[in-house]
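Architecture and fold: a report
The lines below spell out each chain.
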Amino acid sequence: LRERYAGVLPSWSAASTALRAWRAMIPPEREYQHPPPPAAELAREGYIGGMVRLATVATRLDVVTIDRNSMYPAIMLDGVPGGECYPVTSYTPGVPAFYRVIVDVPADAEWTAVPYRSRGVLAWPTGAFSTVVDSRTLAWALAHGVQVRVLDGWAWQRLDYPFGAFVDVYASLPAEG
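The following paragraphs examine the structure supplied in this document. The shown structure was predicted, so the numbers you read here are calculated from the model rather than taken from an experiment.

Let us look at the packing of aromatic side chains. Any pair of aromatic rings gets described here by the distance separating the centres and the angle formed by the planes. In total, this model carries 4 aromatic pairs according to the counting rule given. Here the aromatic rings of Phe-98 and Trp-156 are separated by 6.3 Å at their centres, their planes lie at 80°, and the arrangement is edge-to-face. Note that Phe-98 is positioned in strand β2 (residues 97-105) and Trp-156 in strand β6 (residues 147-160), a separation of 58 residues in sequence. Residue Phe-98 shares its accessibility class with Trp-156, and that shared class is buried. Where Tyr-116 meets Phe-129, the ring centres are 5.4 Å apart and the plane angle is 70°; that geometry is what we call edge-to-face. Taken as a pair, Tyr-116 in strand β3 (residues 116-118) and Phe-129 in strand β5 (residues 127-134) lie far apart in primary sequence, 13 residues in all.

The following block contains the structure:
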């Protein structure tokens, strides 16, 4: 750890040690801030983790599946919202954001990636409902015939990629034995 991550010492947990190592690799000229409380609350409400769709419970020997959301280093390379955070009232393609929306998912949709939460239960229904989604989910919804009305949201200036150097070091470890 000390050699690879600028003198980082182990912490009480693996997660805490990883966080220390990552922070040690952030260039000094980079600054990351927490968004305003309303934006942070909306982002927490809109974060659902990765949906893994169950297609069958039958044993299949001719299929291999990979849950990319379980491959944390790969997901870490997708970018995180960065720069100034500002309120929005409409969708802007390509801008990282979280939106409070009303959607109408077609009843004949084979499946949907638009989530709905109620009393701690997470579902992906059809029909009209209100929910909170991130910009990637909203883009998917619009591309798949879901009617969307944006109520409000919070957007960021850009996507940043602060985990690249950390993931590169991590990925090189198995090669070194």
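A few words now on the side chain of Thr-137. Looking at the secondary structure, you find Thr-137 in helix α4 (residues 135-143). Discounting residues that sit within four places of it in the chain, Thr-137 has contacts with Ala-113, Val-114 and Pro-115.

Basis of the calculations
- Residues numbered from 1 in each chain as written.
- Predicted model: local features only at pLDDT ≥ 70, side-chain atom pairs only at ≥ 80, totals over all residues.
- Heavy atoms only, no water.
- Phe/Tyr/Trp six-rings, centres within 6.5 Å; stacked < 30°, edge-to-face > 60°.
- Helix = DSSP H or I, 4+ residues; strand = E, 2+ residues; numbered from the N terminus.
- Buried < 20%, exposed > 50% of the residue type's maximum accessible area, 1.4 Å probe, protein only.
- Contact = heavy atoms within 4.5 Å.

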